[in-house]
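# Summary of the model geometry
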Amino acid sequence: MQIFRDISSLQLSLNELRLERKTVGLVPTMGALHDGHAALLKASLAENDVTVCSIFVNPTQFNNDDDLKNYPRTFDLDTEFLKSFDCDIVFNPSVEEMYPKNPLLKFNFGDLEQSMEGSHRPGHFNGVAIVVSKLFNIVNPDRAYFGQKDLQQYKIISQLVKDLSYNIELRQIPIKRDDSGLAMSSRNKRLSAGGLKSAAKLSQTLEEAKKSIVDHKDFDEVRTELINNLEIEGISVEYLEYVNADSLESVKNNSANNSVAVCIAATVDGVRLIDNIIF
């Protein structure tokens, strides 16, 4: 497994591989790798000749300095993790390598970024779009792999690929959960034992919301009850939304039988977590 920290060396190596007509898969991460990332890696390794995993805690997508400071950084463990899957290349640049100067570019994704994460984390998706654009330009992958847990982010990146005519196939990999149902996340490493137990209630809430929707109950009433139940447990809920799984527009009833999703963001143990269920 090769580890690159500068853009030029990585691109030189990738150019040589492309001369051999090798296909390249990209798995963008911020490190603190877990079995959810393993699912992305396995998909890329199965579908491409070469897999590049980037590990970069991107400062431009954080709108909270403490969140950026406390984000887990476990590079040595991450490299051992990647070696166990026979990952081909790790790209671990410094902030200075990725951003020699502060970027001036601003993205506008319209209604797609106005709800949920966009409304609660101003500037977040602009930072995501900048770093993903840079990674796409640097690696020029044939395919790129993202997790369903960040559903709105995936939709933003899909729009980015469409609008900028990237010749990249995007792959969305289903959420990986632990035995309690908790969606795997790098942020889970910051939870206490009690926090992990409480956080499992997020997926349980999503399942309850799904059942209520399937049973044609009024979602606004159901939402109030579910949020109250979580807050009684000491979980602070930012949002619980019922949306079209493609456009992410709010749904009142699913008379058109579209694919829909319920999305949640909440703070447990001082750690902000997100999750969703598509059906």
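Structure: above.
Every chain is numbered independently, its residues counted from 1 as its sequence is written. It should be noted that, the model being predicted, local features are given only for residues of pLDDT at least 70 and side-chain atom pairs only at 80 or more, the latter also being counted only at that level, while totals for whole chains, interfaces and linings use all residues. Heavy atoms throughout the structure, all of them, feed into the side-chain values; hydrogens and water do not.

### Some points on the pairing of strand 3 (residues 50–55)
Where burial is concerned, most of strand 3 is hidden: six out of the six residues are buried. A 1.4 Å probe rolled over the protein chains alone gives each residue an accessible area, and that area as a share of the maximum for its type sets the label: buried under 20%, exposed over 50%, partly exposed in between. Runs of H or I in DSSP of at least four residues are treated as helices and runs of E of at least two as strands, each being numbered from the N terminus. By the alternation rule, side chains of strand 3 split into V50, V52 and S54 and T51, C53 and I55, which are all buried. Bridge analysis of strand 2 (residues 24–29) against strand 3 gives six bridges, and the strand direction is parallel. Of the residues in strand 3, the one forming a bridge with V27 is C53. The criterion for strand pairing is that DSSP finds at least two bridges linking the strands in question.

### Overview of the nonpolar core
Ranked by internal contacts, the top residues of the largest apolar core, which has 47 residues, are F91, F136 and L170. Looking at this core, the element that brings in the most residues is helix 7 (residues 124–139), giving ten residues. Any two residues having at least one pair of non-hydrogen atoms within 4.5 Å are treated as being in contact. Leave out the neighbours within four places in its chain, and F91 touches F4, R5, D6, I7, L10, V52, C53, S54, I55, M98, L135 and I138. What is meant by a nonpolar core is a set of buried Ala, Val, Leu, Ile, Met, Phe, Trp, Tyr and Cys residues, joined one to another through side-chain atoms within 4.5 Å.

### Let's talk about the packing of helix 1 (residues 7–19) against helix 7
Between helix 1 and helix 7, whose axes approach to 9 Å, the crossing angle comes to 50°. Here helix 1 lies oblique to helix 7, going by the angle between them. For the pair helix 1 and helix 7, contact is made by I7, L10, Q11, L14 and R18 and by N137, I138 and V139, respectively. Residue composition of the contact of helix 1 with helix 7, by class: five nonpolar, two polar and one charged. Axes here mean lines fitted to C-alpha atoms, for a helix over just the part in contact, with angles spanning 0 to 180 degrees between N-to-C directions. Angles are sorted into four bins: roughly parallel if under 35 degrees, roughly antiparallel if over 145, roughly perpendicular if 65 to 115, and oblique for all others. By the convention adopted, Pro, Cys, Tyr, Trp, Phe, Met, Ile, Leu, Val and Ala count as nonpolar, Lys, Arg, Asp and Glu as charged, and the other residues, Gly among them, as polar.

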